[in-house]
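The chain contents come next:
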Amino acid sequence: MSADSTFEATGRLTDLICGTGPMNAVWSPGATVQRMLDVEAALARASAEHGVIPHSAVPAIVAACDARHIDAPALMAGAAQGGNLAIPLVKQLTAHVRKADAEAAKYVHWGATSQDIIDTGCVLQLQATLVQLDIDLRLACDALATQARAHRATPMIGRTWLQQALPITLGLKFAQWLDALTRHRERLHALRERVLVLQFGGAAGTLASLRDAAPAVAQSLADDLGLRLPALPWHTQRDRIAEAATFFGMLIGTLGKIARDISLQMQTEIGELAEPAGAGKGGSSTMPHKRNPVGCAAVLTAATRAPALVATVLAGMVQEHERALGGWQAEWEALPDLARLAGGALAQIRDMVGGLEVDTARLASNLDITRGLILGEAVMLALGDAIGRLDAHHLVEQCSKAAIRDGRTLFELLSENPEVTRHLDAQQLKDLLDPAHYVGQAHALVDAALALHQAFEP
């Protein structure tokens, strides 16, 4: 396998089921190597700026910091021997610089340690990841806001424990999803300040090799890379990486909840929502009639995988002294996987929500499955004003049981009961048994979620 083919490979045949092309590219082998080389190039510039290495060494080092110059199979083999990618990468980089300028080769990787290069390269990848997630979160929220407005007053059945409960509105369901994703937008912007920082500490976190020039070189390096300079290096303080991982996991969990709801409402027997249609999308290899929730399946796959990946990163926080043995290394696959899964799941929801097909007729018919029983509470409360809550509960319960037993509507049983009709006439009963009249604060709650979305300022 050539170097190029290794660096260009996405890694798995399923990468576009649970990921996206752009996010996979951010975390591809080639991009990972290139970000590390970007750090090496910036280090050379910063070191020369403050007299640590000669300015004459910089052009050859910077020119060599191109992943196309790296032999991928040799890099992988060297990593197996050295324990990380930076060690063989620096060897190859130095050799390439030496071909152009033997004197400049002496100053490659000056003052840094392997973890500085790997961690900072990873932070640069996180930076690109957060940019993509921010864009897609905004688009998903905009789509949800549009749906919430359109269906603010569309009645549907609310379900608890997978059973019919009380009427809500479809707009409220969209608003709840919107509210959760708005909080994720807030989290994303807050964690940027803490996570997008330079890692630069040298062998033991003291930058002793740079002597008095260390603070200035560190600041210039951070500025060159567009990162903040933290107060201290953080080689074995992994809360920043753990925060990114948990953010990805929480985002994926919320997206999974949305996908779970949509897939349940897509069930043939429910038929209230459907993913956007598309040529070849959701078909079955054997059953022509099938329209499977394939977008939901991809999101739910991510939600199934994410908790274990987050747990891996959290477990890796318990690290030894100044440099880690195993915990840091465990992040190398878990964090990129989480980023790819988050990007893929969010893209699925972004596209799905904007094109959701809503069957208002099925929403209405599903509200009537119980023949009015779901509105028993409304009638009970109205009767309770006249005869007391307990007696009203008993009366409506008896009518409900009779309606189930005889296959009749609750309205029929109530309108035939003299104790009920003494206090509520037929029109009052019809109004009480209208699902649209018993959605509580649903409309106001939709408005509240929309207001928060509109007020959000990154």
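Above: the structure in question.
Criteria and thresholds
- Residues numbered from 1 in each chain as written.
- Predicted model: local features only at pLDDT ≥ 70, side-chain atom pairs only at ≥ 80, totals over all residues.
- Heavy atoms only, no water.
- Helix = DSSP H or I, 4+ residues; strand = E, 2+ residues; numbered from the N terminus.
- Polar contact = N/O pair within 3.5 Å; in protein donor to acceptor, adjacent residues only side chain to side chain.
- Contact = heavy atoms within 4.5 Å.
- Axes fitted to C-alpha atoms, helices over the stretch in contact; angles between N-to-C directions.
- Parallel < 35°, antiparallel > 145°, perpendicular 65-115°, else oblique.
- Left-handed = near helix turned anticlockwise from the far one by under 90°.
- Core = buried A, V, L, I, M, F, W, Y, C linked by side-chain atoms within 4.5 Å.
- Buried < 20%, exposed > 50% of the residue type's maximum accessible area, 1.4 Å probe, protein only.
- Phe/Tyr/Trp six-rings, centres within 6.5 Å; stacked < 30°, edge-to-face > 60°.

Moving on: the side chain of S28. In this structure, S28 sits in the loop between α2 (21-26) and α3 (29-49). A polar contact is formed between the side chain of S28 and the backbone oxygen of A25, at a distance of 3.1 Å.

Looking now at the environment of L363. Relative to the helices and strands, L363 is located in helix α13 (residues 360-367). Between the C-alpha atom of L363 and that of L273, which follows or precedes it by 90 residues, the distance is 8.8 Å. Look past the residues within four positions of L363 in its chain and what remains in contact with it is T154, P155, M156, L170, E272 and V358.

The next thing to look at is the packing of helix α14 (residues 376-387) against helix α15 (residues 389-406). How two helices pack is summed up by the angle between their axes together with the distance between the axes. Interhelical geometry of α14 versus α15 gives an angle of 135° and a closest axis separation of 7 Å. As far as their axial angle goes, α15 and α14 are oblique. Judged by the sense of rotation from one axis to the other, the crossing of α14 with α15 is right-handed. Contacts from G376, V379, M380, L383, G384 and I387 of α14 reach α15 at R389, D391, A392, H393, L395 and V396.

The biggest cluster of nonpolar side chains holds 119 residues, and the ones touching the most others in it are L126, L133, F200 and F248. A per-element tally of this core places helix α7 (residues 114-150) first, with 15 residues. Once residues lying within four places of it in the same chain are set aside, the contact partners of F248 are L126, T129, L130, L133, L335, L338, A339 and A342. Formed by 21 residues, the second largest nonpolar core is a distinct cluster that contains L367, M380, A392 and A403.

Counted according to the given criterion, the structure contains 4 aromatic pairs. With 6.0 Å between their ring centres and 50° between their planes, F247 and F248 make a pair best called tilted. Across this residue pair, the class does not change: F247 and F248 are buried.

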